[in-house]
Amino acid sequence: PVESHFRGREDIVFLSVSTDKDIRRWQNSVKSGRYSSPEAVNAYTGGLGIDHPLTKYYNLHAFPSQLLIDGEGRVARVSGMQVGPGE
């Protein structure tokens, strides 16, 4: 619902990052739409899994993880984002 609410806004991006080591598994996951949506940017860690610089930078160890990151790359909120678009 939040992605639908913010659809079309250029200042908000939903990013789904897969840490799967197998690229085919990630591709099938994207196609299925089970873990992400067509509106999201779907990225792959190139087989590096949790050793990718992005997961290390944001200290991600559990999946799925939700982060709210501002335009400067700062983490504004971690998890607990099952709230309505107004919040």
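Located above this text is the structure these notes cover.
Residues numbered from 1 in each chain as written. Predicted model: local features only at pLDDT ≥ 70, side-chain atom pairs only at ≥ 80, totals over all residues. Heavy atoms only, no water.

> It is not clear to me how the environment of Gln27 should be interpreted in this structure. Could you clarify?
Looking at where Gln27 falls in the secondary structure, it is placed in helix H2 (residues 23-32). Residue Gln27 is classed as partly exposed on the basis of its relative accessible area, which comes to 35%. Considering only alpha carbons, one finds Gln27 and Ala43, 16 residues apart in sequence, at a separation of 10.0 Å. (Helix = DSSP H or I, 4+ residues; strand = E, 2+ residues; numbered from the N terminus. Buried < 20%, exposed > 50% of the residue type's maximum accessible area, 1.4 Å probe, protein only.)

> Please clarify how unusual backbone geometry should be interpreted in this entry.
The phi torsion of most residues other than glycine is negative, and most of the peptide bonds are trans. Here the amide bond leading from Phe63 into Pro64 is cis, since omega sits at 0°, within 30 degrees of zero. Mapped onto the secondary structure, Pro64 falls in the loop between helix H3 (53-57) and strand S3 (67-69).

> Please clarify how H2 should be interpreted in this entry.
Since the α-helix packs 3.6 residues into each turn, any two residues three or four apart lie on the same face. Capping the start of H2 is the job of one residue whose side-chain oxygen sits 2.9 Å from the backbone nitrogen of Arg24: Asp22. Remark: Gly33 follows H2 within two positions and exhibits a positive phi of approximately 75°. (Polar contact = N/O pair within 3.5 Å; in protein donor to acceptor, adjacent residues only side chain to side chain.)

> Sorry if this is basic, but what is going on with the environment of Val13 here?
Following the sequence through the fold, Val13 ends up in the loop between helix H1 (2-5) and strand S1 (15-18). The exposed category is assigned to Val13, whose relative accessible area is 60%. Counting along the chain gives 58 residues from Val13 to Gly71, while the straight-line C-alpha distance between them is 9.9 Å.

> Honestly, a nonpolar patch on the surface in this entry has me stumped. Any pointers?
Taken together, the side chains of Val13, Leu15 and Val41 define a hydrophobic patch exposed on the protein surface, amounting to about 280 Å² of accessible area. Here Leu15 shows up in strand S1. Leu15 gets classed as exposed once you look at its relative accessible area, which sits at 53%. (Patch = residues over 30% accessible without salt bridge, like charges linked within 9 Å, V, L, I, M, F, W, Y side chains within 5 Å. Areas by Shrake-Rupley, 256 points an atom, 1.4 Å probe, with all protein chains shown as cover. Salt bridge = Lys/Arg side-chain N within 4 Å of Asp/Glu carboxyl O.)

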